[in-house]
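Structure assessment
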Amino acid sequence: MNKILEDELLRLISDKGYLRTIPETGFMRLPQILGNPKSIPPTPPIIPVSKSTWWDGIKTGRYPQPVKLGPRITVWTVESIRALISQQQGNVSQGESHV
């Protein structure tokens with residue numbers, strides 16, 4: 001993994017600042033998870049990967065499966081995102097980080 005990306009992920013997870021901004025339950029859209037620098041104000045990423053990496057990770061089982069609320073509405077449960085962050089926190093602390 002890219003050393004800069006690994007350091008950033010470790011900082012985000014160890015800071016736990018993002019866990020405080022994520023609601024306890026509900027749904028999240030992709031820009032809330034991956035961030036959106038063009039929004040006003042810019043949305044920082046919770047999981048700092050590209051869209052293509054995210055979708056590839058869903059195919060391989062690395063990232064959680066989405067929930068379709070409609071033909072053009074794809075979301076993820078907050079619980080699955082929190083579980084992913086917790087899992088990554090465990091991997092980083094054990095030296096096995098794979099974002």
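Throughout what follows, the structure given in this document is the object of discussion. (Residues numbered from 1 in each chain as written. Predicted model: local features only at pLDDT ≥ 70, side-chain atom pairs only at ≥ 80, totals over all residues. Heavy atoms only, no water.)

Per the secondary structure count, the chain includes five helices and three strands. Mapped from its N terminus to its C terminus, the chain presents α and β elements in the order α-α-β-α-α-β-β-α. Across the chain, contacts joining residues at least 24 apart in sequence account for 54% of those joining residues at least 6 apart. Just so you have it, the chain exposes about 6,300 Å², and 56% of that area is on carbon and sulfur atoms. (Helix = DSSP H or I, 4+ residues; strand = E, 2+ residues; numbered from the N terminus. Contact = heavy atoms within 4.5 Å. Areas by Shrake-Rupley, 256 points an atom, 1.4 Å probe, with all protein chains shown as cover.)

A few words now on the pairing of strand β2 (residues 67–70). Relative to strand β3 (residues 73–77), β2 runs antiparallel, the two being bridged by three bridges. Across the sheet, Val-67 pairs through a bridge with Val-75, a residue of β3. Taking the residues that link successive antiparallel strands as the turn, the β2-β3 hairpin has two residues. (Pairing = 2+ DSSP bridges.)

The next subject is unusual backbone geometry. Outside of glycine, negative phi angles account for most residues, and trans bonds account for most peptide bonds. Residue Pro-41 is reached from Ile-40 by a cis peptide bond, and omega for that bond is -5°. Structurally, the position occupied by Pro-41 is in the loop between α3 (30–34) and α4 (51–60).

Turning next to the nonpolar core. In terms of nonpolar packing, the biggest core is built from 16 residues, with Ile-33, Ile-47, Trp-54 and Ile-81 touching the most fellow members. Mapped onto this core, the elements with two or more residues apiece are α3, α4 and α5 (78–93). Element by element, the count of residues in this core is highest for α5, at four residues. If near-sequence neighbours (up to four positions away) are discounted, Ile-81 is found in contact with Met-28, Ile-33, Ile-46, Trp-54, Pro-64 and Trp-76. (Core = buried A, V, L, I, M, F, W, Y, C linked by side-chain atoms within 4.5 Å. Buried < 20%, exposed > 50% of the residue type's maximum accessible area, 1.4 Å probe, protein only.)

Our next topic: the environment of Ile-47. Inspection of the secondary structure puts Ile-47 in the loop between α3 and α4. Through-space distance from the C-alpha of Ile-47 to that of Ile-81 is 9.0 Å; in sequence the pair is 34 residues apart.

Here we take up α4. Taken as a whole, α4 has its buried residues at Trp-54, Gly-57 and Ile-58. Mapping the buried residues of α4 onto a view down its axis gives an arc of 105°, with all of them on the same face. Opposite the buried face of α4, by more than 90 degrees, sit the exposed residues Lys-59 and Thr-60. Where α4 ends, the next residue or the one after it, Gly-61, has phi of about 95°, a positive value. (Arc of directions from axis to C-beta.)

As a further point, take the environment of Tyr-63. Take Tyr-63: it is sitting in the loop between α4 and β2. Along the backbone, Tyr-63 and Ile-81 are 18 residues apart, and their C-alpha atoms lie at a distance of 8.5 Å.

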